[in-house]
Amino acid sequence: MTDDLPTALNLPMVDPLPEATQKYFDVCQDKLGLIPNVLKAYAFDIQKLDVFTAMYNDLMLADSGLTKLEREMIAVVVSSINRCFYCLTAHGAAVRELSGDPKLGEMLVMNWRVADLNHRQRAMLSFAEKMTKASFEIAEYDREALRDAGFSERDIWDIANVTGFFNMTNRVASATDMRPNDEYHAQAR
């Protein structure tokens, strides 16, 4: 992999970037202190980048009965099961930052069951784990367990979609040897 490409594929970013894309990248730089390599990876095709960012922003940032931390927790647990280096690094940093607890981020990366989680979070992560490992086994009692933990029908939809999204992105990141930005490793420690 060359140092100037975010993946092992030789797909350089469009140059120059369209004005709207450049503005989005500038916002990322201002807010995050970096442009995530996943965005750079998709920037070889602006239409693909726009679709990816629209889905990500809807699932991870839009209004939901799930907190931003809960959504990031799902991302980390799914990525741990799939052993996705990129997402474990990037979303592990987000969990550390949002929770204010560096240990929580590490526990979710290694074995989410050792984390001090409430009943709601355990039910959510158990569902995400089952969906990742054997989605065909999900039955009504799995959804009922989420309802019993206080999740609404819409929340269950969101859990399923965040889980599904990270299963997809994990596979793309692993297949292309996508590398996380170095800055993530030191964040919120």
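Residues numbered from 1 in each chain as written. Predicted model: local features only at pLDDT ≥ 70, side-chain atom pairs only at ≥ 80, totals over all residues. Heavy atoms only, no water.

I'd love a proper account of the packing of helix α3 (residues 46-61) against helix α4 (residues 68-82), names of residues and values included.
Between α3 and α4, the shortest axis-to-axis distance is 9 Å and the interhelical angle comes to 120 degrees. The angle between α3 and α4 falls in the class oblique. Within the contact between the two elements, α3 uses Tyr56, Leu59, Met60 and Leu61 and α4 uses Lys68, Arg71 and Glu72. (Axes fitted to C-alpha atoms, helices over the stretch in contact; angles between N-to-C directions. Helix = DSSP H or I, 4+ residues; strand = E, 2+ residues; numbered from the N terminus. Parallel < 35°, antiparallel > 145°, perpendicular 65-115°, else oblique. Contact = heavy atoms within 4.5 Å.)

If you had to explain the environment of Val114 to someone new, which residues and values would you point to?
Residue placement: Val114 occurs in the loop between α6 (102-110) and α7 (119-134). Sequence separation between Val114 and Leu104 is 10 residues, and the spatial gap between their C-alpha atoms is 9.2 Å.

Any details on the nonpolar core? Residues and values, ideally.
Core analysis: the largest hydrophobic core is formed by 54 residues, its most contacted members being Ile74, Tyr86, Leu108, Leu125 and Phe166. Per element, the largest residue contribution to this core is seven residues, and it comes from α4. Those residues in contact with Leu108 that sit more than four places away from it in its chain are Met73, Val76, Val77, Ser80, Val95, Ala115 and Leu125. (Core = buried A, V, L, I, M, F, W, Y, C linked by side-chain atoms within 4.5 Å. Buried < 20%, exposed > 50% of the residue type's maximum accessible area, 1.4 Å probe, protein only.)

Explain the state of the cysteines to me, and be specific about the residues and the numbers.
Counting across every chain of the model gives zero disulfides. Between Cys84, a cysteine without a disulfide, and Cys87, which holds the nearest cysteine sulfur, the sulfur-to-sulfur distance is 3.9 Å. Looking at Cys84, the relative accessible area reads 1%, which means it is buried. Taking relative accessible area as the criterion, Cys87 reaches 5% and is therefore assigned buried. (Disulfide = S-S within 2.5 Å.)

Just give me the short version of the side chain of Gln121, but keep the residues and values in it.
Topologically, Gln121 is positioned in helix α7. Setting aside residues no more than four positions away along its own chain, Gln121 makes contact with Glu70 and Met73.

An account of helix α1 (residues 19-32) is requested, with residue identities and associated values reported.
Along its 14 residues, α1 runs 20 Å from first to last C-alpha, staying within 8% of the 20 Å computed at 1.5 Å per residue. Within α1, the full set of buried residues consists of Thr21, Phe25 and Cys28. End-on, the buried residues of α1 take up no more than an arc of 55 degrees, which puts them together on one face. Exposed residues pointing more than 90 degrees away from the buried face of α1 are listed as Glu19, Ala20, Lys23, Asp30 and Lys31. Its buried side turned inward, α1 meets α2 (37-42) and α3. Positive phi appears at Gly33, one or two residues downstream of α1, with a value of about 80 degrees. (Expected span 1.5 Å × (residues − 1). Arc of directions from axis to C-beta.)

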